[in-house]
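Chain by chain, the residues run as shown.
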Amino acid sequence: MNILIFTIFVWLGSMVAGFLGSLTGLGGGVVIIPLLTLVFGVDIRYAIGASLVSVIATSSGAAAAYVKEGFSNIRIGMFLEVATTIGALVGAFLALRLSTPSIAVIFGVVLIYSAFVSGQPRSEGPDIDKPDKLATFLEMNGTYPSSQGLKMYHARSVPLGFGLMFIAGIISGLLGIGSGALKVLAMDQVMRLPFKVSTATSNFMIGVTAAASAGIYLNKGYIDPGLTMPVMLGVLMGSSLGARHLFEAETQKLRMIFSVTIFLLALQMIYAGISGGILK
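Small disclaimer: the values here were computed from a predicted structure and weren't measured. (Residues numbered from 1 in each chain as written. Predicted model: local features only at pLDDT ≥ 70, side-chain atom pairs only at ≥ 80, totals over all residues. Heavy atoms only, no water.)

(A) Quick peek at the overall build of the protein. Looking only at helices and strands, one finds eleven helices and two strands in the protein. Starting at the N terminus and walking to the C terminus, you meet the elements of the protein as α-α-α-α-α-α-β-β-α-α-α-α-α. Burial analysis of the protein (280 residues in total) assigns 55% to the buried set. As displayed, the protein offers around 11900 Å² of accessible surface, 70% of which is attributable to carbon and sulfur atoms. (Helix = DSSP H or I, 4+ residues; strand = E, 2+ residues; numbered from the N terminus. Buried < 20%, exposed > 50% of the residue type's maximum accessible area, 1.4 Å probe, protein only. Areas by Shrake-Rupley, 256 points an atom, 1.4 Å probe, with all protein chains shown as cover.)

(B) View of the packing of helix H4 (residues 74-95) against helix H7 (residues 158-175). The contact between H4 and H7 brings their axes to 6 Å, and the two run at 30°. Between H4 and H7 the crossing geometry is right-handed. Here the contact of H4 with H7 is built from residues that sort into 16 nonpolar, six polar and no charged. (Axes fitted to C-alpha atoms, helices over the stretch in contact; angles between N-to-C directions. Left-handed = near helix turned anticlockwise from the far one by under 90°. Nonpolar A, V, L, I, M, F, W, Y, C, P; charged D, E, K, R; others polar.)

(C) How the structure looks around the nonpolar core. Counting residues in hydrophobic clusters, the biggest one holds 60 residues, and the most contacted among them are Leu36, Ile76, Met187, Met191 and Leu193. Leaving out residues up to four positions away in the same chain, Met187 has contacts with Ile76, Leu80, Met165, Arg192, Leu193, Ser198, Thr201, Ser202 and Met205. (Core = buried A, V, L, I, M, F, W, Y, C linked by side-chain atoms within 4.5 Å. Contact = heavy atoms within 4.5 Å.)

(D) The pattern of salt bridges, seen in detail. Counted under the stated rule, the structure contains one salt bridge. Arg75 is the salt-bridge partner of Glu139, the closest N and O atoms lying 3.9 Å from each other. Here Arg75 lies in helix H4 and Glu139 lies in the loop between helix H6 (133-137) and strand S1 (142-146), a separation of 64 residues in the sequence. (Salt bridge = Lys/Arg side-chain N within 4 Å of Asp/Glu carboxyl O.)

(E) Region of the structure containing the pairing of strand S2 (residues 149-153). Bridging between S1 and S2 involves five bridges; their strand directions are antiparallel. From the neighbouring strand, Thr143 faces S2, where its bridge partner is Met152. In this antiparallel pair of consecutive strands, S1 and S2, the connection spans two residues. (Pairing = 2+ DSSP bridges.)

(F) View of H4. For H4, built from 22 residues, the straight-helix expectation of 32 Å at 1.5 Å per residue is met to within 8% by its first-to-last C-alpha distance of 29 Å. At Glu81, H4 shows its largest kink, close to 35°. Regarding H4, the residues found buried are Ile76, Gly77, Leu80, Glu81, Ala83, Thr84, Gly87, Ala88, Gly91, Ala92 and Ala95. Backbone nitrogen of Arg75 and a side-chain oxygen of the N-cap are separated by 3.3 Å at the start of H4; the cap is Asn73. (Expected span 1.5 Å × (residues − 1). Bend = angle between axes of the 7 residues up to and from the residue. Polar contact = N/O pair within 3.5 Å; in protein donor to acceptor, adjacent residues only side chain to side chain.)

(G) Region of interest: the side chain of Asn73. Considering the arrangement of structural elements, one finds Asn73 in the loop between helix H3 (44-69) and H4. You can call Asn73 buried: its relative accessible area is 7%. A polar contact of 3.1 Å, which involves the side chain of Asn73, links it to the backbone nitrogen of Ile76. From its side chain, Asn73 meets the backbone oxygen of Met140 in a polar contact 2.8 Å long.

(H) Representation of the packing of H7 against helix H9 (residues 195-219) within the structure. Remark: H7 packs on H9, axes separated minimally by 9 Å, with the N-to-C direction vectors making an angle of 45°. The angle between H7 and H9 falls in the class oblique. Crossing hand, H7 versus H9: right-handed. Contacts from Met165, Gly169, Ser172, Gly173 and Leu174 in H7 reach Met205, Thr209, Ala210, Ser213 and Tyr217 in H9. Across the contact of H7 with H9, the residue classes tally to five nonpolar, five polar and no charged. (Parallel < 35°, antiparallel > 145°, perpendicular 65-115°, else oblique.)

(I) Focus on the environment of Ile74. Within the element layout of this structure, Ile74 appears in helix H4. Expressed as a C-alpha distance, the spacing of Ile74 and Met205, which sit 131 residues apart in the sequence, is 9.0 Å. With sequence-adjacent residues up to four places away left out, Ile74 is seen in contact with Val67 and Phe204.

Keep in mind these values describe shape, not function.
This is the structure:
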């Protein structure tokens, strides 16, 4: 495979990853890293470096549209970014000290968890509980657009959500993904935000988290411009397209397809890590 064909295939695969990652809030890294390592034989650390840059592109492409349309809760995103940024620095520090097969196996386990979370049905029913005092004090409650007009929601369990975001940051820095699965879980299941708000806010946050750890990979020489450029451009285009379809999208069917896909990728990644199929 020559360089031109390699670049085109990487660009197309990254576009699909960005589209799916934007709609689900998981980020494109859960597809990009297995694609680069298992299909194209790229060293996993270079794949992580390219993925981190693409995650920043995902956030830039999708988050701007979500903020404009009123889905993202900027106050929640900025507050939780404190935890994810610190966690991302810790994760990037650990990644440079673990063996490549170990990272592959950890990545596979996280993919299985992401597949499970992605396939779970989400309720967007009316918010009938009393507002959380801390969330109200921090002005985290808000509204989001729907086919019936603006709907109000109340955030809950802010301290627990903050702690889960620290863990999400470690996973992001360690594996080069947006760790959107854990972020969506924290906001949707723990903080009780509507799914579309959780997805949009996750996309808003993942760029800052990735930027915190990308600098460490850049300093170590694991960000290759020739690999990173098609990945970044593909993810940026795909995430922008996904953001335009969020309002009318029936995301449950899409998440089920995505869930099965990344579960299969997880099994392959774990097998490759254990058997030595991942480059060391």
